[in-house]
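# Report on the structure
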Amino acid sequence: MNGSYTTVVDVPKGCFRFIALDVETSCGDSASICQIGIACVGEDNHILTFATYINPEMPFEPFNVQLHGIDEEVVSNAPTFAEFWHQLLPLLETNYLVQHSNFDKTAIEAACKASRLRSPDLNWSNSISIAKTAWPEFKANGGYGLARLKNELELEFNHHDAGEDARAAALVVLHAEKRMKKTFEKFVGAPRQIQLALPF
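The next thing to look at is the pattern of salt bridges. Inspection of the entire model under this criterion finds six salt bridges. Put simply, E185 and R17 hold a salt bridge, and the shortest N to O gap is 3.5 Å. Placement of the pair is E185 in helix α7 (residues 184-188) and R17 in the loop between β1 (5-7) and β2 (18-25), with a sequence separation of 168 residues. Grouping residues by exposure puts E185 and R17 together as buried. Notably, a salt bridge pairs E137 with R179, separated by 3.4 Å at the nearest N-O pair. With E137 in the loop between α4 (127-134) and α5 (146-153) and R179 in helix α6 (residues 162-180), this pair connects stretches of sequence that are 42 residues apart. For E137, a relative accessible area of 40% puts it in the partly exposed group. One salt-bridge network, in which partners are shared between bridges, spans R17, E177 and E185.

The following block contains the structure:
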């Protein structure tokens, strides 16, 4: 299984097998996105990762700061969600998305609502559901959180960094494909590619 990856400074463009997405938030409000990370898995399973800080225009709570290390100073020059969203949305609309749990979809929808943006109709899948299929034995032995899977699957990533967590979710899917000899598309019942014209 190819697990190689490249970190890029600009939002990737094009069609990918799937894209894993992760967000970090500044407080208990799910709309308070302060970092977005994506991991784009190509046909050869090489992963392009991208992450950016977001100014949530909301307070930072100590619990969240302790978790991910992001605070007001870190995001002082970062774009707001509304300013960045138009750069990211075309990519997300033309690819299948993976989140690890349902939080990321909830946060994106909440941030869109808070920013008075149209709620996107995106194609989400859940890497926890895929992991449950591939490793049913984990259910009674620690569960399916990324920290747990990091140990079991010997993944290398920095937890609670959105780009790193997105890459970890992508790796969970790739490991599951190898274990089950089953592609992502078969896991989620999706056609090989979304047949949409690219907006670029």
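Take the sheet that holds β1 next. What the six strands build is an open sheet, ordered β1-β4-β3-β2-β5-β6; its pairing is mixed. Across the chains shown, the open sheet's two edge strands, defined by having one partner strand only, are β1 and β6 (123-126). The sheet shows a mean angle of 25° between the axes of neighbouring strands, taken without regard to direction. The strands touched by helix α2 (residues 81-93) within the sheet are β2, β3 (33-41), β4 (47-53) and β5 (96-99), with β3 carrying the most contacts at an inclination of about 15°. Contacts from α6 reach β1, β2, β3, β4 and β5, with the element oriented near 145° to β2.

What follows concerns the nonpolar core. The biggest cluster of nonpolar side chains holds 31 residues, and the ones touching the most others in it are F18, A20, I47, W135, A170, V172 and F184. Per element, the largest residue contribution to this core is nine residues, and it comes from α6. Contact partners of F18, with chain neighbours within four places excluded, come to A39, C40, V41, Y96, V98, A170, V173, L174 and F184.

Quick look at the environment of G163 now. Locating G163 in the fold gives a position in helix α6. On the accessibility criterion, G163 (7% relative accessible area) is buried. Separated by 142 residues in sequence, G163 and L21 place their C-alpha atoms 8.0 Å apart. Leaving out residues up to four positions away in the same chain, G163 has contacts with G37, F50 and A51.

Calculation notes
Residues numbered from 1 in each chain as written. Predicted model: local features only at pLDDT ≥ 70, side-chain atom pairs only at ≥ 80, totals over all residues. Heavy atoms only, no water. Salt bridge = Lys/Arg side-chain N within 4 Å of Asp/Glu carboxyl O. Helix = DSSP H or I, 4+ residues; strand = E, 2+ residues; numbered from the N terminus. Buried < 20%, exposed > 50% of the residue type's maximum accessible area, 1.4 Å probe, protein only. Pairing = 2+ DSSP bridges. Axes fitted to C-alpha atoms, helices over the stretch in contact; angles between N-to-C directions. Contact = heavy atoms within 4.5 Å. Core = buried A, V, L, I, M, F, W, Y, C linked by side-chain atoms within 4.5 Å.

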